[in-house]
Amino acid sequence: MTFAQIQGNADVCRALTGMVSSGRIPHAILFHEDDGGGAMPIVLAFLQYLYCGGRTEDDSCGTCPSCNKIAKLIHPDVHFIFPTNAPNLSASYLAQWRELVLSKPCFTEADLAQALGIEGKSSIIAVAEAKSMLDTLSLSALEGGYRAVVIYLPEKMNQEAANRLLKMIEEPPAMTQFLLVCHSPEKVLQTIASRCQSIRVRPQTKGERIGTEESEAVYKDLFGQLMTAFGRHDLVDALELGEALAALPSRESAKGFCRYAALRMRQIFLCQQGMGELAAADAEVRGWSSTVKKTFPRLSMEALDRAQMQIGRNVNLKILFADLVGRLYRIYG
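Here is a short report on the structure shown in this document. As the structure is a prediction and not an experimental result, all values here were calculated from the model. Throughout, residues of each chain are indexed from 1 in the direction in which the sequence is written. Where totals are concerned, whole chains, interfaces and linings use all residues; where local detail is concerned, this predicted model gives features only for residues with pLDDT of at least 70, and gives and counts side-chain atom pairs only at 80 or more. Side-chain calculation: all heavy atoms of the structure are included, whereas hydrogens and water are not.

**Points about the overall build of the protein**
Thinking step 1. Counting secondary structure elements, the protein contains 14 helices and five strands.
Thinking step 2. For this measure, only C-alpha atoms enter the radius of gyration; the expected value for a globule follows 2.2 Å times N^0.38, where N is the number of residues. For 333 residues, the compact-globule estimate of 2.2 N^0.38 gives 20 Å, and the protein sits close to it at 21 Å.
Thinking step 3. By principal-axis analysis of the C-alpha atoms, the protein measures approximately 65 × 40 × 35 Å.
Thinking step 4. Partly exposed residues are those whose accessible area sits between 20% and 50% of the maximum for their type, while under 20% is buried and over 50% is exposed, using a 1.4 Å probe and protein chains only. For the protein, the proportion of its 333 residues judged to be buried stands at 53%.
Thinking step 5. In what follows, residue pairs with any heavy atoms lying within 4.5 Å of each other are defined as contacts. Long-range contacts, defined as pairs at least 24 residues apart, comprise 75% of the intrachain contacts of the protein with a sequence gap of at least 6.
Thinking step 6. The Shrake-Rupley method, run with a 1.4 Å probe, gives the accessible areas here. Residue values count only the displayed protein chains as cover. Element-wise, carbon and sulfur atoms account for 52% of the exposed surface of the protein, whose accessible area totals about 15,000 Å². Only DSSP runs of H or I with at least four residues qualify as helices, and only runs of E with at least two residues qualify as strands; both kinds are numbered from the N terminus onward.

Structure follows, in structure tokens:
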């Protein structure tokens with residue numbers, strides 16, 4: 001993956017090439033994307049540029065041995081960590097990971113669960129993953145240069161794993177690069193986030209987006225109807241929409257709606273704080289932000305996070321969405 005292949009986020013790409021060219025590379029970078037938002041291609045382009053033996057001022061050559069290994073996700077000094085169904089570690093799923101990332105670089109959490117065959121199961125980054133990575137980083141780089149650790153969804157680390165990662169980031173081995181891709185930076189251990197250079201990967205435009213438009217169109221329609229029902233104080237209509245949510249095709253689709261709704265709530269919150277441009281908020285979001293209480297988006301995100309957790313625990317979806325809609329209705333006031 002070269003920077004020339006990245007669509008959108010030109011400012012992010014320029015910043016990353018500038019870091020490498022100047023020799024001032026933060027040892028840990030936290031990329032914040034929306035689900036399926038395009039951070040992983042940027043991470044891979046950055047790694048390819050970092051390892052490239054013939055890079056130019058603004059891109060990797062794309063043809064040297066290092067570029068070829070990064071492009072195929074087989075470089076021996078680049079390691080990937082992502083949420084799995086414990087006790088299995090990421091290393092057990094590397095073939096599935098490579099196939100997914102190479103075929104669909106802008107994948108979603110649901111895509112990853114499907115690729116790993118763990119739909120409907122809870123997934124975490126457990127402490128065993130952090131221990132394994134510590135052991136790996138205690139060895140010298142096989143090709144004598146940088147070692148890189150890419151962590152997808154660090155917010156899914158349990159407390160013990162997060163604390164072990166913190167120790168690695170606080171005292172990183174020489175020539176070691178940590179690249180974290182998160183969807184909910186507020187859920188990342190604060191002491192980890194504070195030691196990372198934070199970069200916001202802006203949502204792709206419709207022309208740039210890969211593969212998620214159909215599902216998002218459904219989520220957008222349902223969420224819009226739900227907000228309209230709340231605005232009319234129509235609990236009956238809202239509960240009927242809860243039934244429609246329970247009838248989504250799979251539990252991963254149900255989680256997908258919760259993630260989408262949480263994203264919209266986050267955009268509403270940012271608009272209320274005067275940061276609508278950062279949120280890439282559309283007219284609908286700006287309209288909602290001017291009418292709902294300031295406590296609504298924060299409390300709603302908590303309720304949506306709880307619902308996602310319960311979906312992973314196989315709670316009955318009809319009961320779950322009836323409860324969720326009722327909670328959101330009360331929070332809306």
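Back to the text.
**Points about the side chain of Asp111**
Thinking step 1. Turning to its location among the elements, Asp111 is positioned in helix α5 (residues 109-116).
Thinking step 2. Any pair of N or O atoms that falls within 3.5 Å is considered a polar contact. Within protein, one atom must be able to donate a hydrogen and the other to accept it, and sequence-neighbouring residues count only if both atoms are side-chain atoms. Separated by 2.9 Å, the side chain of Asp111 and the backbone nitrogen of Thr108 make a polar contact.
Thinking step 3. Contacts of Asp111, omitting those with residues within four sequence positions, involve Leu100 and Lys104.

**A closer look at the nonpolar core**
Thinking step 1. Counting residues in hydrophobic clusters, the biggest one holds 43 residues, and the most contacted among them are Leu16, Phe31, Met40, Phe46, Leu47, Trp97 and Tyr152.
Thinking step 2. Listing elements by their share of this core, those giving two or more residues are α1 (10-22), β1 (28-32), α2 (39-51), β2 (78-81), α4 (94-103), α5, β3 (147-152) and β4 (176-182).
Thinking step 3. With eleven residues, α2 is the largest single contributor of residues to this core.
Thinking step 4. Discounting chain neighbours no more than four positions away, the residues touching Leu16 are Phe3, Ile29, Phe31, Ile42, Phe46 and Ile199.
Thinking step 5. Counting residues in each nonpolar core, the second largest holds 39 residues, with Phe223, Leu245, Tyr260 and Leu328 among its members. Grouping buried Ala, Val, Leu, Ile, Met, Phe, Trp, Tyr and Cys residues that are joined through side-chain atoms within 4.5 Å yields what is termed a nonpolar core.

**So, the layout of surface pockets**
Where empty space is left in the structure can be found by rolling a water-sized probe over the atoms.
Thinking step 1. When its volume is computed, the second largest pocket comes out at roughly 430 Å³.
Thinking step 2. Here a cavity denotes a set of grid points, spaced 1 Å apart and computed over the protein atoms alone, in which a 1.4 Å probe fits but from which it cannot get out, and a pocket denotes an open set meeting protein on both sides within 12 Å along at least five of seven lines; residues with an atom within 4 Å of a point are reported as lining. Along its surface, the second largest pocket is lined by 21 residues, and His32, Pro185, Glu186, Arg266 and Leu270 are the ones closest to its centre.
Thinking step 3. Taken together, the elements giving at least two residues each to the lining of the second largest pocket come down to β1, β5 (197-200), α11 (251-272) and α13 (296-312).
Thinking step 4. Here the lining of the second largest pocket takes six residues from α11, the largest share from any one element.
Thinking step 5. Residue type decides the class: Asp, Glu, Lys and Arg count as charged, Ala, Val, Leu, Ile, Met, Phe, Trp, Tyr, Cys and Pro as nonpolar, and the leftover types, Gly among them, as polar. In the lining of the second largest pocket, the residues fall into ten nonpolar, three polar and eight charged. Grid points are joined across faces, edges and corners, and a volume is the space filled by probe spheres set on the points.

**Notes on the pattern of salt bridges**
Thinking step 1. Salt bridges, as used here, are contacts in which a Lys or Arg side-chain nitrogen is within 4 Å of a carboxyl oxygen on Asp or Glu. Taken as a whole and judged by the stated rule, the model has 16 salt bridges.
Thinking step 2. For Arg298, the salt bridge identified is with Glu302, shortest N-O distance 3.8 Å. Here the residue Arg298 and the residue Glu302 both occupy positions in helix α13, the gap between them amounting to four residues, near one helical turn.
Thinking step 3. Exposure remark for Arg298: the relative accessible area of 42% places this residue in the partly exposed category.
Thinking step 4. Note that Asp323 is salt-bridged to Arg306, the shortest N-O span being 3.2 Å. Here Asp323 is found in helix α14 (residues 317-332), whereas its partner Arg306 is found in helix α13, with 17 residues between them in sequence.
Thinking step 5. Relative accessible area serves as the criterion here: at 30%, Asp323 is assigned to the partly exposed category.
Thinking step 6. One connected set of salt bridges, linked through shared partners, spans Asp35, Glu109, Lys156 and Arg259.

**Overview of the packing of aromatic side chains**
Thinking step 1. Two aromatic rings from Phe, Tyr or Trp, using only the six-membered ring of Trp, form a pair when their centres are within 6.5 Å; if the ring planes differ by under 30 degrees the pair is stacked, by over 60 it is edge-to-face, and anything between is tilted. On inspection of all chains with the given rule, the structure shows 13 aromatic pairs.
Thinking step 2. Geometrically, the ring pair formed by Phe107 and Tyr152 is tilted, given 5.0 Å between the ring centres and 55° between the ring planes. Here Phe107, found in the loop between α4 and α5, pairs with Tyr152, found in strand β3; they are 45 residues apart in sequence, far enough to count as distant. With respect to burial, Phe107 and Tyr152 carry one shared label: buried.

**Considering the pairing of β4**
Thinking step 1. Most of β4 sits inside the fold, with seven of its seven residues counted as buried.
Thinking step 2. Alternating residues of β4 divide into Thr176, Phe178, Leu180 and Cys182 and Gln177, Leu179 and Val181, and every residue in both groups is buried.
Thinking step 3. Bridge count between β1 and β4: five bridges; the pairing is parallel. Looking at β4, one finds that Ala28 is bridged to Phe178.
Thinking step 4. Classification remark: right-handed applies to a crossover when, strands pointing away from the viewer, the course from the first strand over the helix to the second runs clockwise. Note on the crossover from β3 through helix α7 (residues 159-170) to β4: the handedness is right-handed. Any two strands between which DSSP finds at least two bridges are classified as paired.

**Comments concerning helix α6 (residues 127-137)**
Thinking step 1. Taken together, the buried positions of α6 are Val127, Glu129, Ala130, Met133 and Leu137. Angularly, the buried residues of α6 cover 155° about the axis, an arc narrow enough to put them on a single face.
Thinking step 2. Buried residues along α6 sit against β2, β3, α7 and β4. Starting at the helix axis, one direction is taken to each C-beta atom, and the arc is that of these directions.

**Some thoughts on empty space enclosed by the protein**
Thinking step 1. Tallying each qualifying case throughout the model produces four cavities of 30 Å³ or more.
Thinking step 2. Taken as a whole, the largest cavity holds about 60 Å³ of empty space.
Thinking step 3. Ile81, Ile125, Glu129, Ala130, Met133, Ile151, Met157, Ala161, Leu165 and Met168 are the residues that line the largest cavity.
Thinking step 4. At the level of elements, α6 and α7 are the ones that each hand at least two residues to the lining of the largest cavity.

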